[in-house]
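So the chains spell out like this:
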Protein chains: 2
Amino acid sequence: MDRNENVNITLIGAGTIGLSFAAFHLAHLPSPSQLTIYDTRPDLARYIQETLPNFYSGKDISSTILKINVVSSLEDAVRNATIIQESGPENLDIKRKLWAQVEYHAPKDSLLWTSTSGIPASHQSRDMSDKTRLLVVHPYNPPHIMPLLELVPSPSTSDTVIQRTKAFWESHHRTPIHIKRETTGFVANRLAFALLREAIHLVSEGVVSVSELDKIVENSMGPRWAVAGPFKSYHAGGGAAGLEGFFGNIGQTVQNCWDDAGQVNVGEGWEKGVFDMAKDEYGTVDTEERDRITRRILQVIQEEKMGKVYGDVEPSSS
Amino acid sequence: MDRNENVNITLIGAGTIGLSFAAFHLAHLPSPSQLTIYDTRPDLARYIQETLPNFYSGKDISSTILKINVVSSLEDAVRNATIIQESGPENLDIKRKLWAQVEYHAPKDSLLWTSTSGIPASHQSRDMSDKTRLLVVHPYNPPHIMPLLELVPSPSTSDTVIQRTKAFWESHHRTPIHIKRETTGFVANRLAFALLREAIHLVSEGVVSVSELDKIVENSMGPRWAVAGPFKSYHAGGGAAGLEGFFGNIGQTVQNCWDDAGQVNVGEGWEKGVFDMAKDEYGTVDTEERDRITRRILQVIQEEKMGKVYGDVEPSSS
């Protein structure tokens, strides 16, 4: 799917993820493509008008909003769609019913994507007659800024669907990664939560505070891994001998850290102390500042690695 | 310790970490302070002349090198030092002997820092008569670029030593974090290795390849955590309810990921597959590109968060 090809994109669900995707698509949709938003909430048009500007740092986007086709009938929403992207509630029954209906009304070759962070496509597609069509396209929040999309097929999902989806995101300079297995939590969250588990352990043991731990990450792994992921970094760290050399040098230290790692669990009592510390040290986080800096960092990386910067949601780029 | 105060810094050990610290200090040393390098390797001066330019992307730094006092006697090296920073081999016996000697020859109030990534100050200081003086100052590699310094005192280290050390690094716009306990591997490596363990598990299970896993991190957690660490990010993700709200929403998914995490160990047989994949996919990593991009990212963050950019090792800034 080429980026200049005419595409009609239908978003199902106008929550935080859905509207963030709306902001992304509005910035990249070639004319005369159409962006349609379907949601069961009452007064949807007014809600979008009030909420969507949040994804543009409050800029005036009235002319952008006019391009959205707001629809309250699922049948109308999907009838002419090239891509149908669902970001509804994380509820298996709702999703199962939805995909059966969508399949019935949508064109036979439209792409069917779910943004779920946890319910595998194989579960969601149970009541579909053609299970080859459904694919998890899991973003990293917020998707109008972050480049990652995890593509997680069910064993039934067709390779064509995976490849067309990959081509779509690549043509928009995003980073779709094909996850080969329906693992719990996919990959990004599993990795992040593994680190979070040790972080919770260290904070509840009093080794560092919540904000000290964050500062450690912000001043070490964060910037490093923005440029070169963990394997690439340690492969470089091993010199000419690569990752093998790295483990040759400090494999014992790595194992010592693993042996000593805390295996905390949800509900074991660390919660109150850690939650309170986060609240005391941060209050309410300024996500606008965070997103502005993140955008600049991603621009630097694009510029350095691809020699060019591609925008994300500038309202003028239509 | 103010950044404009006259300081005589002595580096013990001219390996990769030692010379990277040399590059940092040379860029920040107020005149007429002195940088001294001591190492037992033969032909030390020529070695420094040949190796140090690597930390300046190969620029001509002949005038910078002239400022270094190259010394082959430990007594001469430490006699007038304000700060003595050791980055020698990771060998407990060597370090124990060294600190006893250093203590004997150095001024009574000089700061004694070890860059060790794993041998606690309490072990290293065994043969010192004044154990209050030694502090682990563990960098994130390479220290001439990365802002983090983990300050890990032994139970004997005095608070004055910790505070003077903290003041030194803060005055140079670095991020020293006081680790309250001598934990195995300190904090940064424990966190990184926890994620690495799950990364190895996912790759050896065939869920993604080495470079796909890296791309996932580079396009999600990396840039996010460069700006806001894991707690801050999830605290923001929970909206007004903060971290508590985050766990209220997806605590079960987090626990499911923890329950399903792979607990690989060194020597269990995953090594060959993962090492070979890293070699095949990366060959030799271009660390110069990595460091150049990392620098630009850190500059963006400094600019945004502090309204100003502070250089790291520009050879001209003397």
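Residues numbered from 1 in each chain as written. Chains lettered and ligands numbered in written order. Predicted model: local features only at pLDDT ≥ 70, side-chain atom pairs only at ≥ 80, totals over all residues. Heavy atoms only, no water.

Quick notes on the sheet that holds strand S7 (residues 148-153) of chain B
Residues and elements named next belong to chain B. The sheet built from eight strands is open, its strands ordered S3-S2-S1-S4-S5-S6-S7-S8 with mixed pairing. The open sheet terminates on both sides in strands that have one partner only, identified here as strand S3 (68-71) and strand S8 (175-178). Sheet twist, expressed as the average angle between the axes of neighbouring strands with direction ignored, equals 25°. Across the sheet, helix H2 (residues 44-51) lies against strand S2 (34-38) and S3, angled at about 140° from S3, the strand it touches most. (Pairing = 2+ DSSP bridges. Helix = DSSP H or I, 4+ residues; strand = E, 2+ residues; numbered from the N terminus. Axes fitted to C-alpha atoms, helices over the stretch in contact; angles between N-to-C directions. Contact = heavy atoms within 4.5 Å.)

Concerning helix H7 (residues 159-171) of chain B
All names here are of chain B. Taking 1.5 Å as the rise per residue, H7 with 13 residues should run 18 Å; its terminal C-alpha atoms sit 18 Å apart, in good agreement. Three or more residues of H7 are buried, namely Val161, Ile162, Thr165, Phe168, Trp169 and Ser171. Just beyond H7, the residue with positive phi is His173, at close to 60°. (Expected span 1.5 Å × (residues − 1). Buried < 20%, exposed > 50% of the residue type's maximum accessible area, 1.4 Å probe, protein only.)

Quick notes on the environment of Arg296 of chain A
Checked against the element boundaries, Arg296 of chain A lands in helix H14 (residues 287-306). Taking the relative accessible area as the measure of exposure, Arg296 of chain A reaches 27% and is therefore partly exposed. The contacts of Arg296 of chain A, once residues within four sequence positions are left out, are Val300, Glu303 and Glu304 of chain B. At 3.1 Å, the side chain of Arg296 of chain A forms a polar contact with the side chain of Glu303 of chain B. (Polar contact = N/O pair within 3.5 Å; in protein donor to acceptor, adjacent residues only side chain to side chain.)

Overview of the domain arrangement of chain A
For interface size, the figure often reported is the accessible area lost on association. Here chain A is described as being made up of domain 1 (8-178) and domain 2 (188-283). For domain 1 of chain A versus domain 2 of chain A, the distance between C-alpha centres works out to 33 Å. (Domains from an automatic or database assignment.)

Here's the deal with the UniProt feature "domain: 3-hydroxyacyl-CoA dehydrogenase NAD binding" (unreviewed entry) in chain A
Under the local residue numbering, the UniProt record ascribes the feature "domain: 3-hydroxyacyl-CoA dehydrogenase NAD binding" (unreviewed entry) to residues 9-180 of chain A. The straight-line gap between the two end C-alpha atoms of residues 9-180 of chain A is 26 Å; of that span, 35% is helix and 22% is strand. (UniProt positions renumbered as here; feature names shortened; annotations may be inferred.)

Digging into the nonpolar core
Judged by nonpolar contacts, the single largest core of 122 residues is most densely connected at Val102, Leu213 and Phe231 of chain A together with Val102, Leu213 and Phe231 of chain B. With residues up to four places along the chain from it excluded, the contact list for Phe231 of chain B reads Leu196, Ala199, Ile200, Val203, Val210, Leu213, Asp214 and Val274 of chain A together with Leu243 of chain B. (Core = buried A, V, L, I, M, F, W, Y, C linked by side-chain atoms within 4.5 Å.)

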